Amino acid sequence: MESSATEHSGFNTMVTKAYPLRILNHNTEEHNNSGGGAEPYVGLEFDTAEEAREYYNVYAARTGFKARTGQLYRSRTDGTVSSRRFVCSKEGFQLNSRTGCTAFIRVQRRDTGKWVLDQIQKEHNHELGGEAEETTTTTTPRPVRAPAPTKLATTVNQHRPKMKVVDESDREQRSSSKSSLKRFKSCSVGEGEVSNDHHSKVVSGSEPYAGLEFASANEACQFYQAYAEVVGFRVRIGQLFRSKVDNSITSRRFVCSREGFQHPSRMGCGAYMRIKRQDSGGWIVDRLNKDHNHDLEPGKKNQDGLKKITDDVTGGLDSVELIELNNNNNKHIKKATSRENRIGKEWYPLLLDYFQSKQTEDMGFFYAVELDVHNGSCLSLFWADSRARFACSQFGDAVVFDTSYRKGSYSVPFATFVGFNHHRQPVLLGCAMVADESKDSFVWLFQTWLRAMSGRPPRSVVADQDSSIQQALSQVFPGAHRRYSAWQMREKERENLRPFPSEFKYEYEKCIYQSQTVVEFDSVWNSLINKYGLRDDVWLREIYERREHWAPAYLRASFFAGIPINGAFEPFFGPSLDALTPLREFIGRYEQGLEQRREEERKEDFNSYNLQPFLQTKEPVEEQCRRLYTLTVFRIFQNELVQSYSYLCLKTYEEGAMSRFLVRKCGNESEKHAVTFNATNLNSSCSCQMFEHEGLLCRHVLKVFNLLEVKELPSKYILHRWTKNAEFGFVRDMESGVSSQDLKALMVWSLREAASKYIEFGTSSLEKYKLAYEIMREGGKKLCWQR
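A quick note: this is a predicted structure, and the numbers were derived from the prediction, not measured.

Student: Please give an account of the overall build of the protein that cites residues and values.
Tutor: Along the backbone of the protein there are 20 helices and 25 strands. Summed over all atoms, the accessible surface of the protein reaches about 37700 Å², with 50% contributed by carbon and sulfur.

Student: How would you summarise the environment of A452 if you had to cite specific residues and measurements?
Tutor: Mapped onto the fold, A452 is located in helix α6 (residues 439-452). On the basis of relative accessibility, which here comes to 1%, the residue A452 falls in the buried class. Separated by 23 residues in sequence, A452 and L429 place their C-alpha atoms 9.9 Å apart.

Student: Can you explain α6? Please cite residues and give values.
Tutor: Because each turn of an α-helix spans 3.6 residues, side chains separated by three or four positions end up pointing in the same direction. Between its terminal C-alpha atoms α6 stretches 20 Å, which fits the 20 Å expected from 14 residues at 1.5 Å a residue. For α6, the buried fraction is high: eleven of the 14 residues fall into the buried class. Within α6 the residues assigned to the buried category are K439, S441, F442, V443, W444, L445, F446, T448, W449, L450 and A452. Phi turns positive, to about 65°, at S454, one or two residues after α6.

Student: Could you give an account of the packing of aromatic side chains, naming the residues involved and the relevant values?
Tutor: For the structure shown, the criterion picks out 44 aromatic pairs. With a centroid separation of 5.8 Å and an interplanar angle of 65°, the aromatic rings of Y56 and F65 are classed as edge-to-face. On the basis of relative accessibility, which here comes to 1%, the residue Y56 falls in the buried class. Arranged with centres 6.2 Å apart and planes meeting at 85°, the rings of Y354 and Y590 form a pair that is edge-to-face. Note that Y354 is positioned in helix α4 (residues 347-361) and Y590 in helix α13 (residues 583-610), a separation of 236 residues in sequence.

Student: Describe in detail the sheet that holds strand β23 (residues 658-665), supporting the description with residues and values.
Tutor: Spatial ordering of the open sheet is given by β22-β23-β24-β25, a layout of four strands whose pairing is antiparallel. Looking along the sheet, the strands with just one partner apiece sit at the ends: β22 (647-655) and β25 (684-686). Recorded for the sheet is a direction-independent mean angle of 20° between the axes of neighbouring strands. Across eight bridges, the pairing between β22 and β23 is antiparallel.

Student: Could you give an account of the packing of α4 against α13, naming the residues involved and the relevant values?
Tutor: Following both chains from N to C, one finds α4 and α13 inclined at 30°, their axes separated by 10 Å at the closest point. Classified by the interaxial angle, the pair formed by α4 and α13 is roughly parallel. Judged by the twist between their axes, the crossing of α4 over α13 is right-handed. Where α4 approaches α13, its residues W347, L350, L351, Y354 and K358 are matched on the opposing element by L583, F586, I587, Y590 and E591. Counted by class, the contact of α4 with α13 contains eight nonpolar, no polar and two charged residues.

Student: Account for the pairing of strand β5 (residues 104-109), naming residues and giving values.
Tutor: Among the six residues in β5, five count as buried, and that is most of the element. Pairing of strand β4 (residues 81-88) with β5, which is carried by five bridges, proceeds in the antiparallel orientation. Bridging across to β5, F86 finds its partner in I105. Bridging between β5 and strand β6 (residues 115-121) involves six bridges; their strand directions are antiparallel. Pairing of R106 across the sheet is with Q119, part of β6. From the end of β5 to the start of β6, which pair antiparallel, there are five residues, and G113 there has a positive phi angle of about 95°.

Student: Lay out the state of the cysteines with the relevant residues and their values.
Tutor: Among covalent bonds in proteins, the disulfide is the one between the sulfur atoms of two cysteines. Applying the stated criterion to the full structure yields zero disulfides. C688 takes part in no disulfide bond, and the closest cysteine sulfur, belonging to C686, lies 3.6 Å away. Residue C688 is classed as buried on the basis of its relative accessible area of 12%.

Student: Just give me the short version of a nonpolar patch on the surface, but keep the residues and values in it.
Tutor: Judged by side-chain polarity, Y758, L771, I775 and M776 come together as a nonpolar surface patch covering roughly 370 Å² of accessible area. Per element, the largest residue contribution to the nonpolar patch is three residues, and it comes from helix α20 (residues 766-782). Residue placement: Y758 occurs in helix α19 (residues 740-762).

Student: Outline the pattern of salt bridges, listing residues and values.
Tutor: A side chain of one charge can pair with a side chain of the opposite charge if their charged atoms are brought near each other. Applying the stated rule across the entire model yields 30 salt bridges. We note a salt bridge from K290 to E207, for which the minimum N-O separation is 3.0 Å. Here the residue K290 occupies a position in the loop between β12 (283-289) and β13 (323-326), and E207 occupies one in the loop between β7 (201-202) and β8 (213-214), the gap between them amounting to 83 residues. The class of K290 is partly exposed, set by a relative accessible area of 36%. With its nearest N and O atoms 3.2 Å apart, the salt bridge here joins E601 to R387. Here E601 is found in helix α13, whereas its partner R387 is found in helix α5 (residues 386-395), with 214 residues between them in sequence. Each member of the pair E601 and R387 is classed as buried. Each of the salt bridges in this network shares a partner with another, and the network as a whole consists of E774, R777, E778 and K781.

Student: Residue-level account of the pairing of strand β21 (residues 481-484), with values.
Tutor: Note: strand β20 (residues 460-463) against β21, four bridges, orientation parallel. Paired with A463 across the bridge in β21 is Y484. Read as a crossover between parallel neighbours, the route from β20 over helix α7 (residues 467-476) to β21 is right-handed.

Student: Tell me about α13, and please be specific about residues and values.
Tutor: A rise of 1.5 Å per residue sets the reference length of α13, with its 28 residues, at 40 Å; its end C-alpha atoms lie 42 Å apart and thus fit the reference within 8%. Taken as a whole, α13 has its buried residues at F586, I587, Y590, G593, L594, R597, R598, E601, R602, D605 and S608.

Student: Could you give an account of the sheet that holds strand β2 (residues 45-46), with specific residues and numbers?
Tutor: Strand order in the open sheet formed by five strands is β2-β6-β5-β4-β3, and the pairing between neighbours is antiparallel. In this open sheet, the two strands that pair with only one neighbour each are β2 and β3 (67-74). The sheet strands contacting helix α1 (residues 49-63) are β2, β3, β4, β5 and β6, and the helix crosses β4 at an angle near 15°.

Student: Mind laying out the nonpolar core, listing which residues take part and the relevant values?
Tutor: The biggest cluster of nonpolar side chains holds 61 residues, and the ones touching the most others in it are F414, M433, F586 and Y590. With near-sequence residues (within four places) excluded, Y590 lies in contact with Y354, W383, F414, L428, C431, F573 and L577. Grouped together as the second largest cluster of nonpolar side chains are 35 residues, F366, F401, M453 and L473 included.

Student: Could you give an account of the side chain of H126, naming the residues involved and the relevant values?
Tutor: You can see H126 is positioned in the loop between β6 and α2 (178-182). Here H126 falls in the buried class, since its relative accessible area comes to 16%. Not counting the four nearest positions on each side in its chain, H126 is found in contact with F65, C88, K90, T99 and C101.

Student: Please set out unusual backbone geometry residue by residue, giving values where relevant.
Tutor: Here the phi dihedral of R424 falls at roughly 60°; this positive angle occurs in a residue that is not glycine. If you trace the backbone, R424 turns up in the loop between β18 (414-420) and β19 (426-433). The phi dihedral of L682 is positive, around 60°, even though this residue is not glycine. Mapped onto the fold, L682 is located in the loop between β24 (668-678) and β25. Residue classification places L682 among the partly exposed residues on the basis of a relative accessible area of 29%.

Student: Can you tell me about the environment of P40, naming the residues and giving the values?
Tutor: Note that P40 resides in the loop between β1 (2-3) and β2. For P40 and K122, which are 82 residues apart along the polypeptide, the C-alpha to C-alpha distance reads 8.7 Å. Excluding its chain neighbours within four sequence positions, the residues that come into contact with P40 are Y55, Y59, I105, L117, I120 and K122.

Rules and cut-offs
- Residues numbered from 1 in each chain as written.
- Predicted model: local features only at pLDDT ≥ 70, side-chain atom pairs only at ≥ 80, totals over all residues.
- Heavy atoms only, no water.
- Helix = DSSP H or I, 4+ residues; strand = E, 2+ residues; numbered from the N terminus.
- Areas by Shrake-Rupley, 256 points an atom, 1.4 Å probe, with all protein chains shown as cover.
- Buried < 20%, exposed > 50% of the residue type's maximum accessible area, 1.4 Å probe, protein only.
- Expected span 1.5 Å × (residues − 1).
- Phe/Tyr/Trp six-rings, centres within 6.5 Å; stacked < 30°, edge-to-face > 60°.
- Pairing = 2+ DSSP bridges.
- Axes fitted to C-alpha atoms, helices over the stretch in contact; angles between N-to-C directions.
- Parallel < 35°, antiparallel > 145°, perpendicular 65-115°, else oblique.
- Left-handed = near helix turned anticlockwise from the far one by under 90°.
- Contact = heavy atoms within 4.5 Å.
- Nonpolar A, V, L, I, M, F, W, Y, C, P; charged D, E, K, R; others polar.
- Disulfide = S-S within 2.5 Å.
- Patch = residues over 30% accessible without salt bridge, like charges linked within 9 Å, V, L, I, M, F, W, Y side chains within 5 Å.
- Salt bridge = Lys/Arg side-chain N within 4 Å of Asp/Glu carboxyl O.
- Right-handed = clockwise from strand over helix to strand, strands pointing away.
- Core = buried A, V, L, I, M, F, W, Y, C linked by side-chain atoms within 4.5 Å.

Structure (structure tokens):
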């Protein structure tokens, strides 16, 4: 098994002086850094980061715990290391011996070149072992020596690939070695591993592929650098993973130099090659992404010397093999066989058999299988029954791509497409088994979903912020508004804001959820960052740069059909079907959970047609909306209407048919919004943007309508998707751009659903049976159908 050293803790412990620099006045007491492990404190200075590490080792030995190197952070200005963390060896949960301990120190490099301790946590959540552990640490400073070959350090948090990940040891002189890539300078990537005379050379220009083998990790590094020069990008050494059994390195990643966002030149590129150690001692490429999100600059030096060896069977560029010259012997490297697949082989017969049986009873049932181009084996799966496809024609304007299976360890990569119906209930729009998490996999999945839904793309999509998903969404749905999953944002906030004081967290939440406009958000955010001196905080800077995908003030202008913005979204199947559901129970739980959701929808349909809510005002618009809206939506509208009576309205501008009003709450000067109104066409807009975001008029516009005696809402402000008969509006919208077969399947489901309601309600009593039968008989006459 593999593990990555991560910074994560499930424990809630008190942080002692764990404040960012400049929040507290530092202790100015002089301290001898090499003086035997005295108590660390905020403000303690060191000449080098190595000196700080040695100091923490000595302190750890005296206190009774072991220390290890944690994260490093880089400057976005020049890419140099700006701060480092040294943590208790029991930090994280990757090994059985770890307890999630949060004890650490962080040192930050100052402009003077000194390293200052600016964050600290002294408390441990485990027993300390005393002096006995001193033998595991170095008690005297190491002698100065020439720089050793580059080593990789243990990586941190594999769930944060774009943030503060320790991908490599401190290589502050990296800029001076750029030319070495062009000379194919060897890189020593194994701890304690040093390349020898480099007898073995990889033919430059050959394409990497899954299944490609190397004798050593150094060879893989050399090969990827040679490939990168030909294609036109630069390489960095990325994460490494260790075995839980003996702590040996089991896999390594080599990434595009533009991976991540820690430097202005980086743009979150997802291209990489990962190698995995074999039992034989060799290394094999097991994961690969060749797609870059930036322009490439192919080198000229090696292009002229490309040597391509073609396969005798298929030929062509896709069958390029590598020949390695090693002691004058030719060694053929295995041809790529397949992509990674996280779906167990035993799942395919079960699911494919289920799909085929569903097609016999549901002519609109759709399913698709992604095939491996190398060997034709099955990869990802997608399926949707006719009702899901019909629901998408009604409620596919705002979609949640739910991959919550990725929150932790999982055995079943089960993902769902979910929309929200006219009762604001979640409705299923399709399901998938995701073989791997590459961009190609998600591109195939989104394209397949789009094809199954008659080519109608959503207006907005909520999905995880991982680069492979976001790049695929951008490619397949270029016009859709993309919003990050709130659960992922909350998780990263808990992780990155843990050391900050409660006052900062309070103001941070206030900035996010109480800012009404983008101008206000930007102003409050910058004031907050300046107040606490956090301009150099990498994570805060990164999320601010992507604020249009998660900040409510930026999202209000986009339609999301009322999908909760604060993260209160429950998976469609709830706890009954998740990533740990066993194979033998999957189909049964799936159908049970689906039927339960659809039964809830039928109940709301019945209630909306048969129950009538009380009116709370004498306004004609309230009666109008009671007739049209479903119960749930009407209650939301009714609340806005009632609340409008608590507001005052003042005209601030008028020119011709255009007027502008200031609407503020009585007794609350700070709660106010601007409403613009056009008397010619009754167009109206409010600064709160509720109509743009949810499709329902806000209390501020309703107040203006009341003042101007608008007795009936214009049809443009009553979205069909929120009305009682929303399910019957799809034919008008789908007559163009839909195949006759798809349209017929949707019409069959719609009529079948309507008939099932006649049966359900018509069998509740003899009187209702007679009524239902008579209605159906009269309808049959109009269709020229006689019994």
